[in-house]
Amino acid sequence: MGEEMQTPVEWIPWKKKYEMGISMLDTQNKELVALCNRLRAKLMERNRGEAVDWKAALALALRESVKYTKAHFVAQERMMQQTNYPRYLQHKQYHQEFVESVTHVLNAFPVATKQTAFEFSSFLRDWILSHIAHDDQEFAKHFFDPNRKKSL
């Protein structure tokens, strides 16, 4: 009866293996997964011929992606510096590439097509499956390593 935007079938189900064990960062990553799932669900509704404003869904996804980068990247990079993470610069570069991709889609928004929205949802999915599932896990191992030298 109500709206069915509870993310009907999750395109990317959250998995325990994505968790870093750092509550704040895990919450932010879960929000990005939910965002990606909501965008994809909206786009699939549009594909079924329903009157869904895919451009509004893309705009919301872009705004939320910007919020994610401002909160998540800043917090995680600070933790990396505080723990002398040896792959900090490489990880920071991945974050910068994400920001550049989001910025590119934002700048092209006036001429965005439905294909643009699908490509952006795929970009978010790829980020989750590569960066969150792999790169963030590498940092978590470092963060929780009992043999890591603690900095003052």
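Scroll up to find the structure.
Residues numbered from 1 in each chain as written. Predicted model: local features only at pLDDT ≥ 70, side-chain atom pairs only at ≥ 80, totals over all residues. Heavy atoms only, no water.

A. Fine view of the overall build of the protein chain. Per the secondary structure count, the protein chain includes 4 helices and 0 strands. When the helices and strands of the protein chain are listed from N to C terminus, the series reads α-α-α-α. Counting the 152 residues in the protein chain, one finds 41% classified as buried. For the protein chain, restricting intrachain contacts to residue pairs at least 6 apart in sequence, the fraction spanning at least 24 positions comes to 79%. (Helix = DSSP H or I, 4+ residues; strand = E, 2+ residues; numbered from the N terminus. Buried < 20%, exposed > 50% of the residue type's maximum accessible area, 1.4 Å probe, protein only. Contact = heavy atoms within 4.5 Å.)

B. Structural detail: the packing of helix 2 (residues 54-82) against helix 4 (residues 114-144). One way to put it is that helix 2 packs onto helix 4 with a least axis distance of 12 Å and a crossing angle of 15°. Here helix 4 runs roughly parallel to helix 2, going by the angle between their axes. Viewed along their axes, helix 2 and helix 4 form a crossing whose handedness is left-handed. In this structure, helix 2 contributes Trp54, Leu58, Ala61, Leu62, Ser65, Tyr68, His72, Phe73, Gln76, Met79 and Met80 to the contact, and helix 4 contributes Lys114, Thr116, Ala117, Phe120, Leu124, Trp127, His131, Ile132, Asp136, Phe139 and Phe143. Tallied by class, the residues present in the contact of helix 2 with helix 4 amount to 15 nonpolar, 5 polar and 2 charged. (Axes fitted to C-alpha atoms, helices over the stretch in contact; angles between N-to-C directions. Parallel < 35°, antiparallel > 145°, perpendicular 65-115°, else oblique. Left-handed = near helix turned anticlockwise from the far one by under 90°. Nonpolar A, V, L, I, M, F, W, Y, C, P; charged D, E, K, R; others polar.)

C. The arrangement of the environment of Val99 in detail. If you trace the backbone, Val99 turns up in helix 3 (residues 88-107). Residue classification places Val99 among the partly exposed positions, given a relative accessible area of 28%. Taking the C-alpha atoms as reference points, Val99 and Thr69, separated by 30 residues in sequence, lie 7.1 Å from one another. Among residues more than four places away in sequence, those in contact with Val99 are Thr69 and Phe73.

D. Spatial organisation of the packing of aromatic side chains. Summed over all chains, the structure comprises 11 aromatic pairs. Considering the side-chain rings of Phe139 and Phe143, the 5.7 Å spacing of their centres and the 55° angle between planes classify their relative orientation as tilted. Within this pair, Phe139 and its partner Phe143 are both found in helix 4, separated by 4 residues, close to a single helical turn. Relative accessible area serves as the criterion here: at 22%, Phe143 is assigned to the partly exposed category. Each member of the aromatic cluster is reached from another via a ring pair, and the members are Tyr68, Phe73, Phe98, Phe120, Phe123 and Trp127. (Phe/Tyr/Trp six-rings, centres within 6.5 Å; stacked < 30°, edge-to-face > 60°.)

E. Inspection of the pattern of salt bridges at higher detail. One pass over the structure, following the stated rule, counts 5 salt bridges. Measuring nitrogen to oxygen at the nearest pair gives 4.0 Å for the salt bridge that ties Glu19 to Lys30. Highlighted residues: Glu19 in the segment before helix 1 (23-47) and Lys30 in helix 1, separated in sequence by 11 residues. Owing to a relative accessible area of 38%, Lys30 belongs among the partly exposed residues under this scheme. (Salt bridge = Lys/Arg side-chain N within 4 Å of Asp/Glu carboxyl O.)

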